[in-house]
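Residue-level structure breakdown
Okay, here's what each chain looks like letter by letter:
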Amino acid sequence: MRLGDVPFATESTRREMAGGIGHRVWPRITLVTAVYNGEKYLEETIRSVVQQEYPNLDYIIVDGFSTDNTLDIISKYEKHLSWWVSRRDKNVYEALNTGFARSTGEVMGWLNANDKLHTNGLFVVGSVFAAFNEVEWITGRPTVFNDEGMTVEVQNLPRWSRNRFLAGANRHIQQESTFWRRGLWERAGGYMDTSYRAEGDFELWMRFFRSARLYSVDALIGGWRFHTNSLSHADPEQYDKNCDEIVEKELSRTSGHGLLKSFWRMDRAIRRVPKVRGIWHRALVNNLRWCFYHVPGPDWPPVIECKRDKWIFRR
Amino acid sequence: MHAGNAITSADPYQATLDSKVAWPRIALVTPVLNSVKYIEQTIRSVLAQEYPSLDYFIVDGGSTDGTLDVIRKYEKRISGWISEPDKGMYDAINKGFARTSGEIMGWINATDMLQLGGLSVVASVFRDLPDVEWITGRPTIFNEQGMTVQILALTRWSRYRFLAGANQTIQQESTYWRRALWDRAGGSMDTLYPAAGDFELWVRFFRYARVYSVDAPIGGWRSHADALGQGNLDHYVQHCDEIVEKELNRLGPGRWLKLLRRIGRTLKPIPIIRGVWRLLVTNSLYYRPGPDWPPIIEYQWDKWGFRRK
């Protein structure tokens, strides 16, 4: 077996799949892949998307002027793409802005050039959004791929709440498994903030939380590839610091949240004192965060699960 | 790779999978009978693994619904296929395994699917841990359209608990073993039980080896309206009981197990006590570590290893 060898499904299989959700039309999904010199994993990424043969896919690749074989790989899969471009850009978020500006899908998401979607992950996204009009933003079960592309970790399904997010708990929404409706994207400004190198997704979630809830779906959608030159793991301390900064900015622009604000203010004050800082963090912040993870909140949406081939809210 | 395709050096699988230690050959069999609705997705889930050393054989029991057309479409990419009447699914699997030579073995039914990268998990676990002969992955369930909608907790397996009646359903779609174990255990599936053949094989495997749980998804079972075993669940349970009974008679020191089962059987017709028995004894056996309980295999940085508790 070699790459490029697996043929695509017959028309009949495709029709079968397309008729799978009670003969409704599958919503159009925009997926953008931003890549720069990503020849090592890009082909796997593209194939995890196009092999699904989702019937209404708007797949866009934005290349940051790669100098390796990236462009050859992209042109090999050109017929599966609705658009692609290669131009110089500042960072991955600028590339995503370029891609999203050309997109037409009703549902949106992106997949970095190292990461992959799971088998039929796009169908999970399409059918969940088709089943619930009120759901605007979803994320799947977080998974991790290794260097060789196997799933080596399936994590428990976390649930998300804005208050907890602002308090600093459950910070890592898995971007590869996260999709949203265009309406939400436009309400949140319709752009990615390009001033951060790795924290742009965190900043976007912050804006999304202003007007929507994040629903967790108990299914596999995408996964993150653990590899040594990953952006958010290059400098985790800087990443956390920038995220704290984004949270504080967000808190300062909203009224209310008095308790959270004073918590962060205290945190900032204590962080200046050497010894007390450690005790504060170990004893209180980590425990509080743990509580925030596990205590249900008023703004906590239900989990979406599949029962007898129907998506329902778990009671 | 297609002729005329210029990208050979950029082929990610040649860079990672092929260049390392030679990948072990995996013998994979699909038994199928009139399953045109799902067979294509099954085959594609296998081919999409792009596993470099796969020995994939499809055994058809004389389908008349177009299944053969689908198989023909992919015949160049598999080791081979046959179509002839057989004495049931397990007979077909026997025929398939007899025609394969891979040192690692497993089968995938015509409605089920492999998870992305599942065969690489199997091969690399056996590569990294030479003493392990039999593994099972994290159980997953696909819905009718092939989306992964359930990921179950990783259970650990012990022969005694298995025979006592606690955790009995090892997910076959995620289970693989070395050919040496298969040969020691007799080298064939028992065709006597039309549905519980996998169960009977596990009972024989348990005589010679332990089953290690791997904390990664390998394959999954498709929950669909006409799944084998769902309609005849009672039948299945009855057959499993028979098989365990036979095995216990063979087993010398299993006297307390026999006693346990006899008590369980006696209490079964009594409504409330039956529930209490199940809660206190059978279910608690699930969580009790036993001496024959192997460690969990997990991915540690860059290779598979045993989880330390």
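A quick note: this is a predicted structure, and the numbers were derived from the prediction, not measured.

What counts as what
The residue count restarts for each chain, going from 1 along the sequence in the order it is written. A letter from A marks each chain and a number from 1 marks each ligand, given out in the order of writing. Where local features are concerned, this predicted model is filtered to residues with pLDDT of at least 70; where side-chain atom pairs are given and counted, the filter is 80 or more; whole-chain, interface and lining totals use all residues. The side-chain quantities take in all heavy atoms of the structure and omit both hydrogens and water. Runs of H or I in DSSP of at least four residues are treated as helices and runs of E of at least two as strands, each being numbered from the N terminus. Exposure classes here rest on a 1.4 Å probe applied to the protein chains alone. A residue is buried below 20% of its type maximum, exposed above 50%, and partly exposed in between. The term salt bridge refers to a side-chain nitrogen of Lys or Arg lying within 4 Å of a carboxyl oxygen of Asp or Glu. Here a strand pair is declared whenever DSSP counts at least two bridges between the two strands. By definition in these notes, contact holds between two residues if any of their heavy atoms fall within 4.5 Å. Convention adopted: a line fitted to C-alpha atoms gives each axis, helices being fitted over their contacting stretch, and angles between N-to-C directions are expressed from 0 to 180 degrees. How far each domain reaches was decided by an automatic or database domain assignment. What counts as buried area is the accessible surface, traced by a 1.4 Å probe, that two parts surrender upon association, with contributions from both included. Stacked, tilted and edge-to-face are the three classes assigned to paired rings of Phe, Tyr and Trp, where Trp is represented by its six-membered ring and a pair needs centres within 6.5 Å; plane angles under 30 degrees give stacked, over 60 edge-to-face, the rest tilted. We call a charge positioned above a ring when the Lys NZ or Arg CZ atom is no farther than 6 Å from the ring centre and deviates by at most 35 degrees from the ring normal. Identification of polar contacts relies on pairs of N or O atoms within 3.5 Å, with a donor-acceptor requirement for protein atoms, meaning one able to donate a hydrogen and the other able to accept it, and with residues adjacent in sequence counted only if both atoms are side-chain atoms. We define a nonpolar core as any set of buried Ala, Val, Leu, Ile, Met, Phe, Trp, Tyr and Cys residues linked to one another through side-chain atoms lying within 4.5 Å. Angle categories are assigned with fixed cut-offs, so that under 35 degrees is roughly parallel, over 145 is roughly antiparallel, 65 to 115 is roughly perpendicular, and the rest are oblique. Handedness of a helix crossing follows the sense of rotation of the near helix relative to the far helix, less than a right angle counterclockwise being left-handed and clockwise being right-handed. Classification used: nonpolar for Ala, Val, Leu, Ile, Met, Phe, Trp, Tyr, Cys and Pro, charged for Asp, Glu, Lys and Arg, polar for all others including Gly.

1. A look at the overall build of chain A
- Helix and strand counts for chain A come out as 12 helices and 13 strands.
- Among the 315 residues that make up chain A, the fraction classed as buried is 57%.

2. Section: the pattern of salt bridges
- Counted according to the given criterion, the structure contains 30 salt bridges over all chains.
- Beyond isolated ion pairs, a larger network of salt bridges with shared partners links R141(A), D218(A), E305(A), K307(A) and R314(A).

3. Considering the sheet that holds strand β2 (residues 57-63) of chain A
Residue and element names in this part refer to chain A.
- Reading across from one edge, β3-β2-β1-β4-β9-β6-β10 is the order of the 7 strands in this open sheet, with mixed pairing throughout. Lying at the two open borders of the sheet, with one neighbouring strand each, are β3 (83-86) and β10 (215-216).
- Summarising the sheet, strand β6 (residues 137-139) and β10 pair through 2 bridges and their orientation is parallel. Counted as the bridge partner of I138 is Y215 from β10.
- Running over the sheet, helix α4 (residues 92-101) touches β1 (29-35), β2, β3, β4 (107-110) and β9 (178-181) and is turned about 145° from β1.

4. Some thoughts on the pairing of strand β9 (residues 212-222) of chain B
Residue and element names in this part refer to chain B.
- Counting buried positions along β9 yields 10 of 11 residues, so the element is predominantly enclosed.
- As paired strands, strand β5 (residues 113-114) and β9 are joined by 2 bridges and run antiparallel to one another. Residue pairing in the sheet places L114 in a bridge with G219 of β9.
- Sheet topology places strand β6 (residues 134-142) next to β9; 6 bridges connect them, and they run parallel. Counted as the bridge partner of I141 is W221 from β9.

5. Let's talk about the domain arrangement of chain A
Residue and element names in this part refer to chain A.
- The domain architecture assigned to chain A consists of domain 1 (3-236 + 301-314) and domain 2 (241-294).
- Each side of the interface is counted separately: domain 1 has 16 residues, and domain 2 has 19 residues.
- Regarding the contact of domain 1 and domain 2, the summed buried area is about 1,700 Å², with carbon and sulfur atoms giving 59% of it.
- For domain 1, the biggest contributors to the area lost against domain 2 are L166, A167 and Y196; these three give 31% of the whole.
- Taken together, the connections running from domain 1 to domain 2 amount to 2 salt bridges.
- A salt bridge links E250 to R162; the nearest nitrogen and oxygen atoms lie 2.9 Å apart.

6. So, the packing of aromatic side chains
- Summed over the entire model, instances satisfying the criterion amount to 37 aromatic pairs over all chains.
- Geometrically, the ring pair formed by F226(A) and W301(B) is edge-to-face, given 5.1 Å between the ring centres and 75° between the ring planes. Of this pair, F226(A) sits in the loop between β11 (222-225) and α9 (231-234) while W301(B) sits in the loop between β10 (297-300) and β11 (303-306), each in a different chain.
- Taking 6.0 Å as the distance between ring centres and 25° as the angle between the ring planes, the aromatic pair formed by W177(B) and W182(B) counts as stacked. Both residues of the pair, W177(B) and W182(B), count as buried.
- Geometry around W23(B) places R127(B) over its ring, the cationic atom sitting 5.0 Å from the centre.
- A cation sits over an aromatic face here: R161(B) above W293(B), 4.8 Å from the ring centre.

7. Section: the side chain of Q175(A)
Residues and elements named next belong to chain A.
- Within the fold, Q175 resides in the loop between α6 (162-167) and β9.
- One polar contact links Q175 to N112, side chain to side chain, over a distance of 3.4 Å.
- In contact with Q175, other than residues within four places in its own chain, are W110, L111, N112, D201 and W205.

8. Concerning the nonpolar core
- Residues W107(B), W134(B), W177(B), F199(B) and F205(B) are the most contacted members of the largest nonpolar core, which totals 45 residues.
- Looking at this core, the element that brings in the most residues is helix α8 (residues 197-208) of chain B, giving 6 residues.
- A95(A), L184(A), W185(A) and W205(A) belong to the second-largest nonpolar core, a separate cluster that totals 43 residues.

9. What to know about the environment of M150(A)
Residues and elements named next belong to chain A.
- Residue placement: M150 occurs in the loop between β7 (143-145) and β8 (151-154).
- By relative accessible area, which is 0% here, M150 ends up buried.
- Counting along the chain gives 97 residues from M150 to E53, while the straight-line C-alpha distance between them is 21 Å.

10. Quick look at α4(A)
- Along α4(A), the residues that are buried comprise Y93(A), A95(A), L96(A), T98(A), G99(A) and F100(A).
- Where α4(A) begins, one side-chain oxygen reaches toward the backbone nitrogen of Y93(A), 3.1 Å away; that side chain belongs to N91(A).

11. Some points on the sheet that holds strand β5 (residues 116-117) of chain A
Residues and elements named next belong to chain A.
- Spatial ordering of the open sheet is given by β5-β11-β7-β8, a layout of 4 strands whose pairing is mixed. Pairing within the sheet leaves two strands with one partner each, and these edge strands are β5 and β8.
- Bridge count between β5 and β11: 2 bridges; the pairing is antiparallel. Within β11, the position partnered with L117 by the bridge is G222.

12. Digging into the pairing of strand β4 (residues 104-107) of chain B
Residues and elements named next belong to chain B.
- Of the two faces of β4, both are covered, the one formed by I104 and G106 as well as the one formed by M105 and W107.
- Pairing between strand β1 (residues 26-32) and β4: 4 bridges, direction parallel. Its bridge partner lying in β4, A27 is registered against M105.

13. Regarding the packing of α8(B) against helix α9 (residues 233-250) of chain B
All names here are of chain B.
- Two numbers describe how α8 lies on α9: the axes approach to 9 Å, and their chain directions differ by 25°. As the angle between them shows, α8 and α9 are arranged roughly parallel. Between α8 and α9 the crossing geometry is right-handed. Taken together, the residues of α9 that come into contact with α8 (itself represented by D198, F199, E200, V203 and R207) are Y236, C240, I243, V244, E247 and R250.
- The class makeup of the residues in the contact of α8 with α9 is 6 nonpolar, no polar and 5 charged.

14. Side note on unusual backbone geometry
- At D309(A), a residue that is not glycine, the phi angle is positive and equals roughly 65°.
- Judged by its relative accessible area of 31%, D309(A) falls in the partly exposed class.

15. A few points about the packing of helix α10 (residues 236-253) of chain A against helix α11 (residues 258-270) of chain A
Residue and element names in this part refer to chain A.
- One way to put it is that α10 packs onto α11 with a least axis distance of 11 Å and a crossing angle of 140°. On the basis of their axis angle, the class for α10 and α11 is oblique. In the packing of α10 onto α11, the handedness of the crossing is left-handed. For the pair α10 and α11, the contacting residues are D244, V247, E248 and L251 in the first and L260, K261, W264 and R268 in the second.
- Looking at side-chain class alone, the contact of α10 with α11 contains 4 nonpolar, no polar and 4 charged residues.

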